[in-house]
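Understanding the architecture of this molecule
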Amino acid sequence: LVRTIDAVEADANQAVMSAPESAFVVVCSAHPPALAVFDRPPRGTPQRKDVSGATALVDGSAALSEALGVDPRDPFASLDRLSLGAEPEFQREIAAVIRWNGGALELRPQDLLSAARRVAGEHADALRDAQSLNARVGHARRAIAASFTAELARVVADVADRTRGTRASAPIGVGGPAFAN
């Protein structure tokens, strides 16, 4: 018997195989856009809950990737690679435009791009130039990417914490391209 499943469920299954003790699995994916939590009760069928706003998150991360001169087709991986060795020094500014209200994500891609340009200051126009030899431009590009990645991790942690409820100490698995899984 062959059963077809969607990509998000496949990512959740892969995460479970990596961490079978997980009571919950959080999947964050760009293709298809998804931020989903799978509750795996001790007995019974896993229940999927999609977090509203995942498409806006993916659109924003793709727009930011393009603005920073990296591949927008796999935005989470592109931003993660760019952030290597950088500090999330602009996380507060990024957090101001990625709002998690406890049930949904709110993000307007243009607000994310405006925040990136604001923190880059005089180097804003050069952010897209991945070949720039200007050390300050390179530093800003990496720090903005690191700030986005750190804020995404904080949001995912908040989603996971809210989901766990009475099973607060239960282990959580993660899956999907946002986690390189």
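Residues numbered from 1 in each chain as written. Predicted model: local features only at pLDDT ≥ 70, side-chain atom pairs only at ≥ 80, totals over all residues. Heavy atoms only, no water.

1. Let's talk about the side chain of serine 61
How we decide: Helix and strand definitions here come from DSSP, where helices need a minimum of 4 consecutive H or I residues and strands a minimum of 2 consecutive E residues; each element is numbered from the N-terminal end. The cut-offs for exposure are 20% and 50% of the maximum accessible area for each residue type, with area from a 1.4 Å probe on protein chains only; residues under the lower value are buried, those over the upper are exposed, and the others partly exposed. Nitrogen and oxygen atoms within 3.5 Å of one another constitute a polar contact, given that in protein one can donate a hydrogen and the other can accept it, and given that sequence-neighbouring residues count only through two side-chain atoms. Between two residues, a contact is recorded if the distance between any of their heavy atoms is within 4.5 Å.
Take serine 61: it is sitting in helix α2 (residues 54-67). Here serine 61 falls in the buried class, since its relative accessible area comes to 0%. At 2.9 Å, the side chain of serine 61 forms a polar contact with the backbone oxygen of valine 58. The contacts of serine 61, once residues within four sequence positions are left out, are Pro75, Phe76, Leu79, Leu112 and Phe148.

2. Section: the nonpolar core
The following threshold applies: Among buried residues, the Ala, Val, Leu, Ile, Met, Phe, Trp, Tyr and Cys ones that are joined through side-chain atoms within 4.5 Å form a nonpolar core.
Core analysis: the largest hydrophobic core is formed by 45 residues, its most contacted members being Leu35, Leu64, Ile144 and Phe148. For this core, the elements supplying multiple residues, two or more each, are β1 (24-30), β2 (33-39), α2, α3 (75-82), α5 (109-120) and α6 (135-164). With 10 residues, α6 is the largest single contributor of residues to this core. Among residues more than four places away in sequence, those in contact with isoleucine 144 are Leu64, Leu68, Phe90, Ala116, Val119, Ala120 and Leu127. Val8, Ala15, Val25 and Ala34 belong to the second-largest nonpolar core, a separate cluster that totals 9 residues.

3. Focus on the pattern of salt bridges
Quick reminder of the rule: Salt bridge, as applied in this entry: a Lys or Arg side-chain nitrogen positioned within 4 Å of an Asp or Glu carboxyl oxygen.
Counted according to the given criterion, the structure contains 9 salt bridges. With a closest N to O distance of 2.8 Å, glutamate 9 and arginine 3 form a salt bridge. For glutamate 9, a relative accessible area of 24% translates into the label partly exposed. Ionic pairing is found between aspartate 111 and arginine 108, a salt bridge with its closest N-O pair at 3.1 Å. On the basis of relative accessible area, arginine 108 is assigned to the exposed category, the value being 52%.

4. A look at the layout of surface pockets
Quick reminder of the rule: A 1.4 Å probe that fits but cannot get out identifies a cavity on a 1 Å grid over protein atoms alone, an open set with protein on both sides within 12 Å along at least five of seven lines counts as a pocket, and a residue lines either if it has an atom within 4 Å of a point. Grid points are joined across faces, edges and corners, and a volume is the space filled by probe spheres set on the points. For this classification, Asp, Glu, Lys and Arg are treated as charged, while Ala, Val, Leu, Ile, Met, Phe, Trp, Tyr, Cys and Pro are nonpolar and the rest, including Gly, are polar.
Space inside the largest pocket adds up to approximately 180 Å³. Taken together, Phe76, Ala77, Leu79, Asp80, Phe148, Thr149, Leu152, Ala153, Pro177, Ala178, Phe179 and Ala180 form the lining of the largest pocket. Elements represented by at least two residues in the lining of the largest pocket include exactly α3 and α6. Of the residues that constitute the lining of the largest pocket, the class distribution is 10 nonpolar, 1 polar and 1 charged.

5. Remarks on the side chain of serine 65
For serine 65, the position within the fold is in helix α2. In this structure serine 65 touches Val70, Asp71, Pro72, Pro75, Ser78 and Leu79, once residues within four positions along its chain are discounted.

6. Quick word on the packing of α2 against α5
The condition is simple: With axes taken as lines fitted to C-alpha atoms, and helix axes fitted only over the stretch in contact, angles between N-to-C directions fall between 0 and 180 degrees. Note on convention: the crossing is left-handed when the near helix lies turned anticlockwise from the far helix by less than a right angle, right-handed when the turn is clockwise.
At their nearest, the axes of α2 and α5 sit 8 Å apart, and the two run at 35 degrees to each other. In this structure, α2 crosses over α5, and the sense of that crossing is right-handed. Residues Ala56, Asp59, Gly60, Ser61, Ala63, Leu64 and Ala67 of α2 touch α5, and the partners they reach there are Pro109, Leu112, Leu113 and Ala116. Class assignment for the residues of the contact of α2 with α5 results in 8 nonpolar, 2 polar and 1 charged.

7. Some details on the packing of α2 against α3
Any two packed helices are characterised by how steeply their axes cross, that is the angle between the axes, and by the distance between the axes. Formally: We call two directions roughly parallel when the angle between them is under 35 degrees, roughly antiparallel when it is over 145, roughly perpendicular when it lies between 65 and 115, and oblique otherwise.
Close contact between α2 and α3 brings their axes to 9 Å; oriented N to C, the two are set at 45 degrees. Put simply, α2 runs oblique to α3. Handedness of the α2/α3 crossing: left-handed. Residues Leu57, Val58, Ser61, Ala62, Leu64 and Ser65 of α2 touch α3, and the partners they reach there are Pro75, Phe76, Ser78 and Leu79. Partitioned by chemical class, the residues of the contact of α2 with α3 number 7 nonpolar, 3 polar and no charged.

8. Notes on helix α1 (residues 7-18)
So the rule is basically this: Any helix carries an expected span of 1.5 Å times its number of residues minus one. Working definition: the arc comes from the directions between the helix axis and the C-beta atoms, pointing outward to the latter.
The terminal C-alpha atoms of α1, which comprises 12 residues, lie 17 Å apart, in line with the 16 Å expected from a rise of 1.5 Å per residue. All of the buried residues in α1 are Val8, Asp11, Ala12, Ala15 and Val16. Taken end-on, α1 shows its buried residues confined to a sector of 140 degrees, consistent with a single buried face. Contacts from the buried residues of α1 go to β1, β2, β3 (47-50) and β6 (172-175).

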